[in-house]
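# Observations on the model geometry
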Amino acid sequence: MPPVPVPCSATPGVLSEGPRWDAERDELLWVDIVGSLLHRARLRSDGRLDEAAPVRFDRFVGAVAPVLGGGYVLAAGPGFLFTDAAGTVRELAQPEAGRSDVRMNDGACDPQGRFWAGTMAHDESPGAGVLYRLELDGTCTTMLAGLTISNGIGWSPDGRTMYLSDSGTGTIDAFAFDGETGDIRRRHTIVRITELGVAPDGLTVDAQGAIWVALWGGAAVRRYSPDGSLLSTVPVAVDRPTSCAFGGPDLATLFITTARHGLDETALARAPDAGRVFRVDGLGVSGSPCAPYRGATEPSPASR
């Protein structure tokens with residue numbers, strides 16, 4: 001039988017998202033966007049997650065990455081935050097300060113340690129999303145505009161290609177990536193999801209260079225080759241998988257976050273584990289831990 005994802009977190013989130021395996025601390029990170037929570041957990045020997053007390057914020061939290069040397073950087077509300085393990089919070093760059101119609105969504109660090117995260121409008125207006133990059137000096141650079149729901153982001157094992165999903169347009173795009181400068185160019189679409197009500201959400205890239213993407217509304221995670229060819233599908237027993245990441249001691253466990261946000265009572269009765277983190281083993285591939293943020297964790301003068 002093919003591997004089956006099983007729930008491994010204790011309490012269902014509302015909109016669980018953005019799993020990241022922090023190899024330095026041997027813990028899984030994820031967020032609950034509309035619950036405004038940062039979750040951290042260690043993996044127990046029985047496969048369950050031993051969860052620390054979550055950290056609550058005063059705004060929606062779209063994504064998290066560990067900071068080299070301690071603490072966490074988050075894409076939250078109108079910009080970026082830093083928090084330490086004790087829950088002390090500092091605002092970093094706030095590129096959308098003063099706006100209440102948009103929020104930060106998914107994000108991740110590139111191999112050089114810069115933190116990329118995109119935005120979306122609360123009403124999902126087409127073209128309202130922007131992709132930002134939090135630089136190592138703490139300033140913020142606009143990298144792309146005209147997105148709808150900027151979502152999953154990842155890099156090929158050699159660091160020469162960046163992938164970005166836009167849930168609003170149903171596409172996954174690839175870019176040539178210059179690690180030294182952080183520049184992206186030669187944008188082209190490699191995957192286009194056309195099923196009604198299904199959208200590409202968060203993604204990760206495995207050690208062989210294949211792209212794993214969670215299908216919001218599609219009850220599955222799909223694996224695509226770098227040219228966009230479909231390689232395999234992992235069904236998930238909930239309607240709204242949101243993202244995925246490899247982790248565990250051998251980096252061969254795929255963790256899948258899911259959501260119950262927007263589901264009615266009938267759907268929740270059919271899938272009571274919606275909102276939990278799932279795990280699946282035996283896929284025959286492994287991934288990489290997330291890259292940490294290597295930049296400043298004090299607001300830069302340009303960002304104040």
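Placed above this text is the structure.
The shown structure was predicted, so the numbers you read here are calculated from the model rather than taken from an experiment. (Residues numbered from 1 in each chain as written. Predicted model: local features only at pLDDT ≥ 70, side-chain atom pairs only at ≥ 80, totals over all residues. Heavy atoms only, no water.)

## Let's talk about the overall build of the protein
Each helix and strand counted, the protein has one helix and 25 strands in total. For 304 residues, the compact-globule formula gives about 19 Å, and the C-alpha radius of gyration of the protein, at 17 Å, lands near that figure. When the backbone C-alpha atoms are referred to their principal axes, the protein occupies close to 55 × 40 × 35 Å. Taken across its 304 residues, the protein has 58% of its residues classed as buried. Sequence-distant contacts in the protein: of pairs separated by 6 or more residues, those separated by 24 or more amount to 48%. Element-wise, carbon and sulfur atoms account for 50% of the exposed surface of the protein, whose accessible area totals about 12,100 Å². Counting 27 positive and 37 negative side-chain charges, the protein places the centres of these two groups 1 Å from one another. (Helix = DSSP H or I, 4+ residues; strand = E, 2+ residues; numbered from the N terminus. Rg over C-alpha atoms; globule rule 2.2 N^0.38 Å. Buried < 20%, exposed > 50% of the residue type's maximum accessible area, 1.4 Å probe, protein only. Contact = heavy atoms within 4.5 Å. Areas by Shrake-Rupley, 256 points an atom, 1.4 Å probe, with all protein chains shown as cover. Lys, Arg positive; Asp, Glu negative; His and termini not counted. Charge placed at Lys NZ, Arg CZ, Asp CG, Glu CD.)

## What about the pattern of salt bridges?
For the structure shown, the criterion picks out 18 salt bridges. Residue Asp101 is joined to Arg99 by a salt bridge in which the shortest nitrogen-to-oxygen separation is 2.8 Å. Arg99 sits in the partly exposed class, given a relative accessible area of 39%. Arg114 serves as the salt-bridge partner of Asp110, at 2.7 Å between the closest nitrogen and oxygen. Of the residues examined, Asp110 reaches a relative accessible area of 0% and is grouped as buried. (Salt bridge = Lys/Arg side-chain N within 4 Å of Asp/Glu carboxyl O.)

## Topic: the pairing of strand 4 (residues 37-43)
Both faces of the sheet carry side chains from a regular strand, because those side chains alternate between them. In terms of strand pairing, strand 3 (residues 27-32) meets strand 4 through five bridges, oriented antiparallel. Note on strand 4: the bridge partner recorded for Leu29 is Arg40. Counting the residues that bridge the hairpin from strand 3 to strand 4 gives four residues, and of these Ser36 lies at a positive phi of roughly 60 degrees. Of the pairings in the sheet, the one linking strand 4 to strand 6 (residues 55-56) comprises two bridges and is antiparallel in character. Residue Leu38 lies in a different strand from strand 6, and its bridge partner there is Val55. Sheet topology places strand 4 next to strand 5 (residues 49-51); three bridges connect them, and they run antiparallel. When the sheet's bridge partners are listed, Ala41 is paired in strand 5 with Glu51. Between strand 4 and the antiparallel strand that follows it, strand 5, lie five residues; Gly47 among them carries a positive phi value of about 90 degrees. (Pairing = 2+ DSSP bridges.)

## Observations concerning the pairing of strand 18 (residues 184-192)
With six bridges connecting them, strand 17 (residues 171-177) and strand 18 associate as antiparallel partners. Each bridged residue has a counterpart across the sheet, and for Phe177 the counterpart in strand 18 is Ile184. Counted between consecutive antiparallel strands, the loop separating strand 17 from strand 18 contains six residues, among which Gly182 sits at a positive phi close to 80 degrees.

## Thoughts on the side chain of Ser16
Following the sequence through the fold, Ser16 ends up in strand 2 (residues 16-22). Excluding residues that lie within four positions of it along the chain, Ser16 makes contacts with Trp30, Val31, Asp32, Thr242, Thr257, Thr258 and Gly275.

## Quick look at the sheet that holds strand 17
Taken together, four strands build an open sheet; the order of strands is 15-16-17-18 and the sheet is antiparallel. Only two strands of the sheet have a single partner each, and these edge strands are strand 15 (150-155) and strand 18. If you compare each strand with its neighbour and ignore which way they point, the axes differ by 25 degrees on average. (Axes fitted to C-alpha atoms, helices over the stretch in contact; angles between N-to-C directions.)

## Quick look at the sheet that holds strand 10 (residues 89-91)
The strand order across the open sheet built from four strands is 7-8-9-10, with neighbouring strands paired in antiparallel fashion. Each edge of the open sheet is held by one strand with a lone partner, namely strand 7 (61-66) and strand 10. Within this sheet the neighbouring strands show an average axis-to-axis angle of 25 degrees, counted without direction.

## Some details on the packing of aromatic side chains
Within the structure shown, the criterion is met by six aromatic pairs. Measuring from centroid to centroid gives 6.0 Å for Trp116 and Trp155, while their planes differ by 65 degrees, and the two rings are edge-to-face. With Trp116 in strand 12 (residues 115-121) and Trp155 in strand 15, the pair connects residues that are 39 residues apart, well separated along the chain. Both residues of the pair, Trp116 and Trp155, belong to the buried class. Measuring from ring centre to ring centre gives 5.8 Å for Trp155 and Phe177, while their planes differ by 70 degrees; the resulting arrangement is edge-to-face. Of this pair, Trp155 sits in strand 15 while Phe177 sits in strand 17, and the two are 22 residues apart along the sequence. The two residues Trp155 and Phe177 agree in class, both being buried. Counting every residue linked through ring pairs, the aromatic cluster contains Trp116, Trp155 and Phe177. (Phe/Tyr/Trp six-rings, centres within 6.5 Å; stacked < 30°, edge-to-face > 60°.)

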